[in-house]
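So the chains spell out like this:
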Amino acid sequence: MKLKKMMAMLLVGATCVGMMAGCGSSGSSSGGNGSAESTGSGESGKITLVMAQRDEFLSTLEAAATKAAAEKGYKLTAQDAQSDSQKQIQFVETAKNGGEDAVIVNPVDSDAAQSVVDAAGDMPLVFVNRPPTDLHVLDAENVAFVGSDEDTSGYFQGEYLAQYYKDKGQTEIKYILLQGILGQVSQLKRCAGVVKALEDNGIKATPVVELAAEYDRAKAIDKISPVLTSGQEFDCIISNNDAMALGAVEACENAGITIDFPIVGIDCTKDGAAAVESGKMAMTVFQNPEGQGVGAVMACANLIAGKAINEGTDYDLDSNGESYSDSIIWVPFEPVTKDNVADYM
């Protein structure tokens, strides 16, 4: 057990006297999404959730976290940093100065995670969805991360595409890549994962163009439309998320292009799942926003109570044996195709 967990256990008695939320939040999970049981004790603490931005996925995460916090006896207040790293840090400082019990942060800039840790001070801090670039910031006694292992997300896309083209007897492909926010861990690993999976499965893949559309549907339409009408040949469109993949679908429809090639995304949003069901998208990768939201709240409650951060959830801690491994909860990615999309709608 890491030092921060042992120290928290020594302090749990004091926590129970000064913060009834900590002692009243030992409910266990129910179902497969890590949902928290209600303590029935009413509101007894406060958590601030600081979002990098709001989109369909993150809004779902926020709603799940808000519900889980209420069930655990906490009032959760959500703030939108509007993709402004400094504004996000200010929200964290305000939460600390306002006596919040914990803060959950969906980081704007993963490289700036240490600044967020510094702003939180000794207040329990849980990063959610986007991990710090340097995971060693999780060595701090009061810091954790809840999210999905990005090494697997793009890889699922690549495995699907490799099988698709093997079935066609094709071993070389050209692709258009729609990227998220450049430099973020998710963007880097999703791009690397899909390329690696293609290579591992014997497919030589060459990018026609790589476009940074920042996970935004409208930006994806603007960026990809000139490429679609330029006459450049391509075999598929690979997107770092569903929103941009749906932008590619819309751009193709606007240009009168028949979608007889794979368009693949990540997140399995409501609209993304519908596009897979209809055949406009070939596949997506389910990233569980409810699981991440609930897991983040549970990690906060467990940090306060001095317990293992995944106690009361269905999720595993990181198993890589690093100094920060017991500070990471992994919520698994799952590949979604037309064959199983009904399970995700």
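Just above sits the structure.
One structure accompanies this document, and this report is about it. (Residues numbered from 1 in each chain as written. Predicted model: local features only at pLDDT ≥ 70, side-chain atom pairs only at ≥ 80, totals over all residues. Heavy atoms only, no water.)

Summing up its helical and strand segments, the chain has 11 helices and 15 strands in all. Buried residues in the chain amount to 52% of all 345 residues. Considering only residue pairs separated by 6 or more positions, the chain has 72% of its internal contacts joining residues 24 or more positions apart. As presented, the chain carries roughly 14,100 Å² of accessible surface, and 49% of it is formed by carbon and sulfur atoms. (Helix = DSSP H or I, 4+ residues; strand = E, 2+ residues; numbered from the N terminus. Buried < 20%, exposed > 50% of the residue type's maximum accessible area, 1.4 Å probe, protein only. Contact = heavy atoms within 4.5 Å. Areas by Shrake-Rupley, 256 points an atom, 1.4 Å probe, with all protein chains shown as cover.)

For the rest of this paragraph, the subject is helix α4 (residues 85–97). Taking 1.5 Å of rise per residue, the 13 residues of α4 would be expected to cover 18 Å, and the 19 Å separating its terminal C-alpha atoms lies within 8% of that figure. Among the residues making up α4, those that are buried are S85, Q88, I89, V92 and A95. Around the axis of α4, the buried residues are gathered within 115° of arc, so they sit on the same side. Exposed residues lying more than 90 degrees from the buried face of α4 are Q86, T94 and N97. The secondary structure elements touched by the buried residues of α4 are β3 (45–51), β5 (102–105) and α5 (113–120). (Expected span 1.5 Å × (residues − 1). Arc of directions from axis to C-beta.)

This brings us to the pattern of salt bridges. A full pass over the atoms with the stated rule returns 11 salt bridges. D122 is the salt-bridge partner of K96, the closest N and O atoms lying 3.3 Å from each other. Pair noted here: K96 is in helix α4 and D122 is in the loop between α5 and β6 (125–128), with a separation of 26 residues, a long-range link. A salt bridge links K196 to D200, with the nearest nitrogen and oxygen atoms 2.8 Å apart. One end of the pair, K196, and the other, D200, are both in helix α7 (residues 185–200), 4 residues apart, so they sit about a helical turn from each other. Put simply, R54, E62 and D80 are held in one network by salt bridges that share partners. (Salt bridge = Lys/Arg side-chain N within 4 Å of Asp/Glu carboxyl O.)

Turning our attention to helix α3 (residues 56–71). Between its first and last C-alpha atoms α3 spans 23 Å; for 16 residues at 1.5 Å apiece the expected length is 22 Å, and the two agree. One or two positions beyond α3, positive phi appears at G73, with a value near 90°.

Time to look at the packing of aromatic side chains. Enumeration over the complete set of coordinates arrives at 5 aromatic pairs. Each ring, one from Y160 and one from Y164, has its centre 6.4 Å from the other, and the planes form 25°; the classification is stacked. Residue Y160 and its partner Y164 are located together in helix α6 (residues 150–167), separated by 4 residues, close to a single helical turn. Judged by relative accessible area, Y164 falls into the partly exposed class, the value being 25%. (Phe/Tyr/Trp six-rings, centres within 6.5 Å; stacked < 30°, edge-to-face > 60°.)

Unusually for a residue other than glycine, Q82 sits at a positive phi of about 55°. As for its position among the elements, Q82 is in the loop between β4 (74–80) and α4. Non-glycine residue C268 carries a positive phi angle of around 55°. Mapping C268 onto the fold places it in the loop between β11 (263–264) and α10 (270–278).

Before going further, it helps to examine the packing of α4 against α5. Close contact between α4 and α5 brings their axes to 8 Å; oriented N to C, the two are set at 20°. Overall, the two elements α4 and α5 adopt an arrangement that is roughly parallel. Along this stretch, α4 crosses α5, giving a crossing that reads as right-handed. Between α4 and α5, the contacting residues are I89, V92, E93 and K96 on the first element and S115, V116, A119 and A120 on the second. Split into classes, the residues belonging to the contact of α4 with α5 amount to 5 nonpolar, 1 polar and 2 charged. (Axes fitted to C-alpha atoms, helices over the stretch in contact; angles between N-to-C directions. Parallel < 35°, antiparallel > 145°, perpendicular 65-115°, else oblique. Left-handed = near helix turned anticlockwise from the far one by under 90°. Nonpolar A, V, L, I, M, F, W, Y, C, P; charged D, E, K, R; others polar.)

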